Amino acid sequence: MIANPFEYSTPATLAEALGLIADGAKPLSGGMSLIPMMKLRLASPEHLVDIARLPELNYIREENGELHIGAAVTHYDVESAPLLCGKCPLLAETAGHIGDIQVRNRGTLGGSVAHADPAADYPAALQALEAKIVLRSAAGERVVTAAEFFIDTFTTALEPGEIVTEVVVPVEPGLTGTSYQKCLQPASGFAIVGVAARVRRDGANFGAVQVGITGLTGTSYRATAVEQALVGKPATDETIRAAAAHAADGVEANSDLHASADYRTSLAVSYTTRALHSALSRSA
Amino acid sequence: MSTTFAPSTTKLEKLVGKRLRRREDPRLITGTATYVEDVKLPDMHHAVIVRSPHGAADIRSIDISKAKALPGVVAVFTGADIVGVGTVPCGASLPGLRRPDHHILAQDRVYLVGHPVAVVVATDRYIAADGADLVEVEYDIKQAVTDPEKALAPGAPAVHSQWPDNVAFTFHQNGGDIDAAFAEAEVVVKQRITSQRLVPNAMETRGVVADWKTNDRSLTLYTSTQIPHLARTLLAGMLGIEENRFRLIAPEVGGGFGSKLNVYSEEALTAWVSMKIGKPVKWIESRRENFMVTIHGRGHVDYFEIAAKRDGTILGLKLKLIQDLGAFHQLLTPVIPTLSVLMMPGLYNFRNIQAEVVGTFTNCVPTDAYRGAGRPEATHGIERMVDILAAELGMDPAEIRFKNFVRPDQFPFPTATGLNYDSGDYANTFQKALDTIDYHGLRKQQAEARAAGRLMGIGISTYGEICAMGPSVATPAGGWESATVKFEPSGKVTVLTGTSPHGQGQETSFAQLTADELGVPIDDIVVLHGDTSIVQYGIGTFGSRNTAVGGAALFYALQEIKEKLKKFGAAMLKAEEVELGDGVCLNPKTGESVTVQEIAGAAYRGVVIPPGMDPGMVVTKFWEPANFTYPFGAHIIVSEVDAETGDIEIKRYVAVDDIGNQLNPLLVDGQLHGGAAQGLGQALWEQGVYDDNGQLVTGEFMDYTMPRARMMPWIESSHTCTPSPVNPLGAKGVGEAGTIGSTPAMVNSVVDALSPLGVRHIDMPLTPEKIWKLTNGRNA
Ligand SMILES: Cc1cc2nc3c(=O)[nH]c(=O)nc-3n(C[C@H](O)[C@H](O)[C@H](O)COP(=O)(O)OP(=O)(O)OC[C@H]3O[C@@H](n4cnc5c(N)ncnc54)[C@H](O)[C@@H]3O)c2cc1C
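Residue positions are counted from 1 within each chain, in the order its sequence is given. Lettering of chains starts at A and numbering of ligands starts at 1, both following the order in which they are written. Side-chain atom pairs in this predicted model are given and counted only at pLDDT of 80 or more, local residue features only at pLDDT of at least 70, and totals for whole chains, interfaces and linings cover all residues. Side-chain metrics rest on all non-hydrogen atoms present in the structure, leaving aside hydrogens and water.

1. What to know about the sheet that holds strand β26 (residues 632-641) of chain B
Two pairing modes exist for strands in a sheet, parallel and antiparallel, and in both the strands are linked by backbone hydrogen bonds. Residues and elements named next belong to chain B. Strand order in this open sheet of four strands is β18-β26-β27-β28, and the pairing throughout is mixed. Strands at the two margins of the open sheet, each flanked by one partner only, are β18 (455-464) and β28 (716-719). Pairwise comparison of adjacent strand axes, ignoring direction, gives a mean angle of 10° for this sheet. Judged from the four bridges that link them, strand β27 (residues 648-658) and β28 form a sheet pairing that is parallel. What sits directly across from Val654, in β28, is Glu716. Contact definition: two residues touch when any of their heavy atoms are within 4.5 Å. All axes here are fitted lines through C-alpha atoms, helices being fitted over the stretch that makes contact, and every angle between N-to-C directions spans 0 to 180 degrees. Helix and strand labels come from DSSP, where a helix needs a run of H or I of at least four residues and a strand needs a run of E of at least two; each type is numbered from the N terminus. Its contacts with the sheet put helix α12 (residues 426-437) on β18, β26, β27 and β28, and the angle it makes with β26 is roughly 30°. Relative to the sheet, helix α18 (residues 737-754) contacts β18, β26 and β27, its axis offset from that of β18 by approximately 150°. Here, any two strands with at least 2 DSSP bridges between them count as paired.

2. Structural notes on helix α15 (residues 546-573) of chain B
To estimate how far a helix should extend, the number of its residues minus one is multiplied by 1.5 Å. The end-to-end C-alpha separation of α15(B) is 38 Å, in line with the 40 Å expected for 28 residues at 1.5 Å each. Looking one or two places after α15(B), you find B:Lys574, whose phi comes out positive at around 50°.

3. Brief notes about the packing of aromatic side chains
Aromatic pairs are defined between Phe, Tyr and Trp rings, using the six-membered ring for Trp, whenever the two ring centres lie within 6.5 Å; interplanar angles under 30 degrees are classed as stacked, those over 60 as edge-to-face, and all others as tilted. Here the structure, examined in full by the defined rule, presents 21 aromatic pairs over all chains. Arranged with centres 5.0 Å apart and planes meeting at 50°, the rings of A:Tyr263 and B:Trp772 form a pair that is tilted. In this pair, A:Tyr263 sits in helix α12 (residues 261-282) while B:Trp772 sits in helix α19 (residues 768-775), so the two residues belong to two different chains. The buried label goes to any residue with under 20% of its type's maximum accessible area, the exposed label to any with over 50%, and the partly exposed label to all in between, with areas taken from a 1.4 Å probe on protein chains only. Judged by relative accessible area, which is 2%, A:Tyr263 ranks as buried. Where B:Tyr426 meets B:Phe632, the ring centres are 4.7 Å apart and the plane angle is 70°; that geometry is what we call edge-to-face. On the criterion of sequence distance, the pair formed by B:Tyr426 in helix α12 and B:Phe632 in strand β26 is long-range, its members being 206 residues apart. Like B:Tyr426, the residue B:Phe632 is buried in the burial classification. Put simply, the rings of B:Tyr348, B:Phe402, B:Phe405, B:Phe411, B:Tyr426, B:Phe430 and B:Phe632 pair up and form one aromatic cluster.

4. So, the environment of B:Asp43
All names here are of chain B. Mapped onto the fold, Asp43 is located in the loop between α1 (25-29) and β1 (45-51). Counting along the chain gives 80 residues from Asp43 to Thr123, while the straight-line C-alpha distance between them is 8.1 Å. When residues no more than four places from it in sequence are discounted, the contact partners of Asp43 are Lys279 and Pro280. A distance of 3.1 Å separates the side chain of Asp43 from the side chain of Lys279, its partner in a polar contact. By the criterion applied in these results, polar contacts are pairs of N or O atoms within 3.5 Å in which, for protein atoms, one can donate a hydrogen and the other can accept it, and in which residues neighboring in sequence qualify only through two side-chain atoms.

5. Considering the site of the ligand
All names here are of chain A. Close contacts around the ligand come from 30 residues, with Pro27, Gly31, Ser33, Thr108 and Asp121 the closest. In the model, an oxygen atom of the ligand is placed 2.5 Å from a nitrogen or oxygen of the Pro27 main chain. Between the ligand and Val164 there is a distance of 2.9 Å, counted from a nitrogen atom to a backbone nitrogen or oxygen. Burial of the ligand by the protein chains amounts to 91% of its free accessible area of 960 Å². Counting only elements with at least two residues in the shell around the ligand, the list comes to β2 (26-28), α7 (109-115) and β10 (163-170). Counting residues per element, the shell around the ligand draws most heavily on α7, at four residues. Whether a residue is near a molecule or strand depends on its heavy atoms: it is near if one of them lies within 4 Å of it. To be clear on the numbers: accessible area is Shrake-Rupley with a 1.4 Å probe, and residue cover counts the displayed protein chains and nothing else.

6. Brief notes about the pattern of salt bridges
All names here are of chain B. We define a salt bridge as a side-chain nitrogen of Lys or Arg found within 4 Å of a carboxyl oxygen belonging to Asp or Glu. Counted under the stated rule, the structure contains 65 salt bridges over all chains. With a shortest N-O distance of 2.9 Å, Lys492 and Asp524 are connected by a salt bridge. Of the two residues, Lys492 is situated in the loop between β19 (481-487) and β20 (493-497) and Asp524 in the loop between α14 (506-518) and β21 (525-528); the sequence distance between them amounts to 32 residues. You can call Asp524 buried: its relative accessible area is 17%. Members of the salt-bridge network, linked through shared partners, are Asp58, Arg60, Arg109, Glu138, Asp140 and Lys142.

7. Overview of the domain arrangement of chain B
Residue and element names in this part refer to chain B. Throughout, the edges of the domains are those of an automatic or database domain assignment. Annotation of chain B at the domain level lists domain 1 (25-32 + 480-623), domain 2 (44-142 + 203-255 + 260-293) and domain 3 (300-470 + 627-775). At the junction of the two partners, domain 2 supplies 30 residues and domain 3 supplies 25 residues. When two components associate, each loses some accessible surface as probed by a 1.4 Å sphere; the sum of these losses over both components is called the buried area. For the pair domain 2 and domain 3, the summed buried area comes to about 2,200 Å², and 68% of that belongs to carbon and sulfur atoms. There are one salt bridge connecting domain 2 and domain 3. Our count for the contact surface shared by domain 2 and domain 3 stands at nine residue pairs in polar contact (both at pLDDT 80 or more).

8. With respect to the interface of chain A and chain B
Each partner contributes residues to the interface: chain A has 25 residues there, and chain B has 28 residues. Across the interface of chain A and chain B, roughly 2,100 Å² is buried in total on both sides, 54% from carbon and sulfur atoms. Three residues stand out in chain A for area buried against chain B, namely A:Ile2, A:Leu257 and A:Tyr263, and they jointly supply 28% of the buried area on that side. Inspection of the chain A/chain B interface yields four salt bridges. A salt bridge links A:Arg41 to B:Asp130; the shortest N-O distance between them is 2.6 Å. Joining chain A to chain B, the criterion identifies ten residue pairs in polar contact (both at pLDDT 80 or more). Here the side of chain A that touches chain B takes seven residues from α12(A), the largest share from any one element. Residue composition of the side of chain A that touches chain B, by class: 14 nonpolar, seven polar and four charged. When residues are sorted by character, Ala, Val, Leu, Ile, Met, Phe, Trp, Tyr, Cys and Pro go into the nonpolar class, Asp, Glu, Lys and Arg into the charged class, and all the rest, Gly among them, into the polar class.

9. Let's talk about a nonpolar patch on the surface
The patches reported here contain residues having more than 30% relative accessible area and no salt bridge. Joining distances are 9 Å for like charges and 5 Å for nonpolar side chains (Val, Leu, Ile, Met, Phe, Trp, Tyr). Residues B:Val526, B:Leu528 and B:Ile534 make up a contiguous nonpolar surface patch of about 220 Å² in total accessible area. Structurally, the position occupied by B:Leu528 is in strand β21.

Written out as structure tokens, the structure reads:
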């Protein structure tokens with residue numbers, strides 16, 4: 001469990017970091033995914049640039065009805081920041097499901113998003129929240145949606161030289177109920193499936209609904225078939241059951257030692273049901 | 001000499017039976033204990049081992065030139081270099097046992113993933129790891145076989161070409177008249193039951209530091225082992241080192257669970273490398289290596305048949321046991337399944353048994369002793385079979401057990417497998433467990449739950465086990481234990497035990513015993529172990545033997561030193577008769593007394609030496625037990641299954657264990673809780689899974705589900721006490737009981753929950769997906 005030799009830089013500014021990354025250095029954030037891979041020699045970067053300490057990536061602020069979260073904010077801070085707990089409880093709740101306290105104290109939002117592990121938790125919430133992801137390179141900045149960003153297993157919209165600098169989520173309207181429900185892979189604690197739901201009521205019916213799912217397939221996705229089966233329908237158990245049955249529509253489920261494709265699909269339906277129930281009960 | 005002859009004023013509190021906190025804990029929880037990794041010697045070099053990535057392959061060539069050229073690399077050795085080094089020892093003496101040569105570095109073929117092929121020695125561990133990456137090995141990959149039943153099928157790839165059938169041995173154990181039993185049977189039930197491979201995963205991986213001093217022809221070896229003396233004897237033989245110039249130290253050992261009851265290639269290899277380069281050498285096992293090359297446990301496929309009468313009386317049991325041995329024999333690999341066979345009858349009063357063990361080679365890491373070592377497999381088998389029989393007969397699983405228990409008046413009870421159970425009252429202990437959990441109330445609740453469509457289960461395990469290994473005739477290297485009790489001239493007491501505790505807590509419990517016997521404050525007592533240059537010879541720690549054998553040896557040493565104290569005390573008091581108690585020797589006629597500390601000091605100064613006595617105050621005792629001990633107990637688990645997801649929830653866990661007398665109930669709790677966690681781990685989560693090529697699929701914690709604290713139920717633990725007549729402490733042993741009792745209780749509970757669906761058996765681990773398949777009619 002010993003990494004290959006590598007160089008390590010701690011630049012003082014983001015611009016400096018982006019310069020090194022443009023030259024081929026690899027960003028190191030919380031190291032909770034990168035370091036284990038290096039120790040197993042599955043990754044052997046020659047040069048690491050530590051971006052976790054950059055003040056320019058460490059902030060949580062509200063601007064124009066949106067919450068801006070710097071890439072280097074730790075899972076623990078996402079989980080516990082009063083601003084997020086109050087105004088984007090779905091993201092805070094999701095962060096609380098990641099790994100254990102040690103991992104949450106070091107791992108970062110930007111690192112998790114950039115890594116795009118198919119079993120990571122955040123992507124489900126970010127899909128449901130229709131989050132924006134801010135990408136920056138030495139050449140400039142662009143903004144993509146979560147749906148555009150997550151492409152496939154460990155594959156994102158990031159171009160060489162680019163890093164995630166910020167994640168933008170909406171201030172949750174007061175009446176929306178949200179919930180993240182996760183089936184743990186018992187060994188790793190990652191998600192076999194994780195479902196994030198946002199529910200608004202429209203009288204006795206479902207109003208707007210967003211559902212994001214992680215773990216089921218190569219990347220996270222919006223379960224639009226579930227959403228469509230809910231909107232405008234009576235907010236009942238039957239509606240939820242019927243809608244959740246569409247959780248895996250059009251999706252090819254992963255299969256591994258811990259869950260076959262069939263079982264995963266069934267879990268996706270069960271956890272979608274749970275997430276919708278829970279979100280509905282939290283909506284006003 | 002200035003003796004005060006004043007009676008001691010403070011009476012010491014008796015400590016045996018008290019829940020004293022472990023004296024070893026402060027150093028462990030403040031990070032100041034010395035593990036092998038903490039040993040740092042001047043000019044120490046580091047070894048990293050190049051291992052086979054293949055399950056079976058011929059080695060075509062090894063090119064070490066690039067590795068050797070790396071600055072900082074001092075030496076690279078391959079199989080060709082280790083001429084004259086002995087093979088890895090196996091202590092089994094089964095007739096006809098086929099023993100593959102188990103070299104410490106592969107010769108021309110590799111037999112499992114992780115097989116050591118070369119060793120790179122460098123000035124630091126990082127360079128050694130880089131060097132290992134530069135060793136180029138060309139392999140000719142062969143077909144591996146990793147499933148023992150597939151290995152036994154005709155045409156299977158041969159693990160060792162000289163034995164194409166992959167059979168290492170067959171072993172038969174017959175008792176009574178099995179044919180008559182089956183002829184008389186009104187009902188016969190059969191079941192194939194597996195006990196999957198488990199990875200022991202001690203918190204501390206293995207590690208070795210070897211320090212060869214050429215001029216003295218002496219070796220000091222630090223190694224994370226449970227058997228320092230046996231390891232020294234065996235390694236001395238492998239390496240041709242004189243045993244009296246070979247000091248083996250087991251420093252702090254961070255758990256073993258049987259995985260360090262062994263002698264490993266790396267111990268000999270690190271020592272040999274140190275001898276070769278004339279410098280201290282360290283090798284530390286990575287967690288990945290620990291998964292790959294440290295022994296695994298279990299690995300059974302068992303075919304059971306049980307013959308019974310309609311009233312539930314068990315008449316006999318047949319077993320065909322296919323043991324997945326792995327590619328080689330480690331120290332006790334072939335012995336473990338024979339222990340299973342011995343314990344097949346469990347707590348039940350039947351005399352007819354027929355067992356056949358087929359020891360099978362596979363291209364996997366060897367199996368060997370892992371907490372319980374053969375008994376969990378046996379107990380799981382018999383406890384499952386009894387439940388299956390009850391289901392077949394429509395009997396309550398509690399009732400069928402009462403019907404078949406060995407009765408208290410039958411002890412000592414000779415079993416069909418040749419054992420002699422020492423003592424017990426199984427029905428009483430079981431009744432206590434049933435009362436604690438309100439069994440009849442639970443069955444009513446279960447009926448209601450079922451009526452409401454819920455899947456609730458009640459699982460019973462009434463287990464027996466064999467402990468206190470053991471009489472020497474039944475143990476490959478001797479089954480006695482030793483203790484030295486030594487007063488220092490200042491009156492402080494040093495205890496040297498031949499056991500090698502590594503988490504069990506004997507530094508505390510043995511001090512409790514010593515304090516009570518000698519009347520010395522516990523703070524004045526230290527218990528040392530694990531260093532062959534300090535401790536007289538010892539057998540070590542395994543088979544739940546520390547207290548029942550090592551503690552008994554200590555007890556006898558204490559009695560002998562008390563006699564000596566009395567003789568010296570009488571001489572000092574010029575009394576004919578003296579009484580010894582509470583740390584003082586008293587002349588009852590005059591009321592004059594002298595403390596044991598004063599006596600010890602005087603015995604060293606030799607001022608008064610009673611006739612026929614030697615000076616000093618040291619006693620060493622080697623003690624041979626006449627029998628094993630047989631703890632037993634009843635574990636009951638209430639569970640509920642979520643039909644939709646297959647999740648299992650443990651609602652209650654009641655354990656009543658009878659381990660005889662207890663020196664320290666807090667330590668007993670710890671053993672039982674940890675044991676239960678490991679047993680539940682097997683029942684629910686853990687599995688060592690190989691693919692067909694010999695890759696360990698569950699080769700790290702990302703995939704191998706170790707139980708976590710949050711996954712554990714509350715265990716409602718209590719006891720009955722049937723003292724063992726085998727040793728003077730009346731102790732039976734508790735190191736493995738929890739692991740043995742818990743597993744079948746868990747599985748029986750879930751099978752009971754699913755029984756309305758017609759489920760009779762589920763193989764472990766009970767993963768949610770397996771359950772989901774059953775609850776959703778997708779029985780695969
Ligand atoms: C024991 C354990 C359990 C875990 N359990 C979970 C879990 O249950 N759920 C879950 O979601 N995750 C889990 N994780 C992963 C954890 O959330 C990681 O923190 C996360 O995946 C990566 O974040 P990081 O900050 O540690 O990134 P790093 O490990 O530093 O980097 C990961 C990758 O992203 C790149 N990178 C980092 N930051 C950026 C950036 N800003 N822009 C572009 N690229 C970047 C790095 O170069 C690297 O390739 C677990 C990890 C461990 C060790």
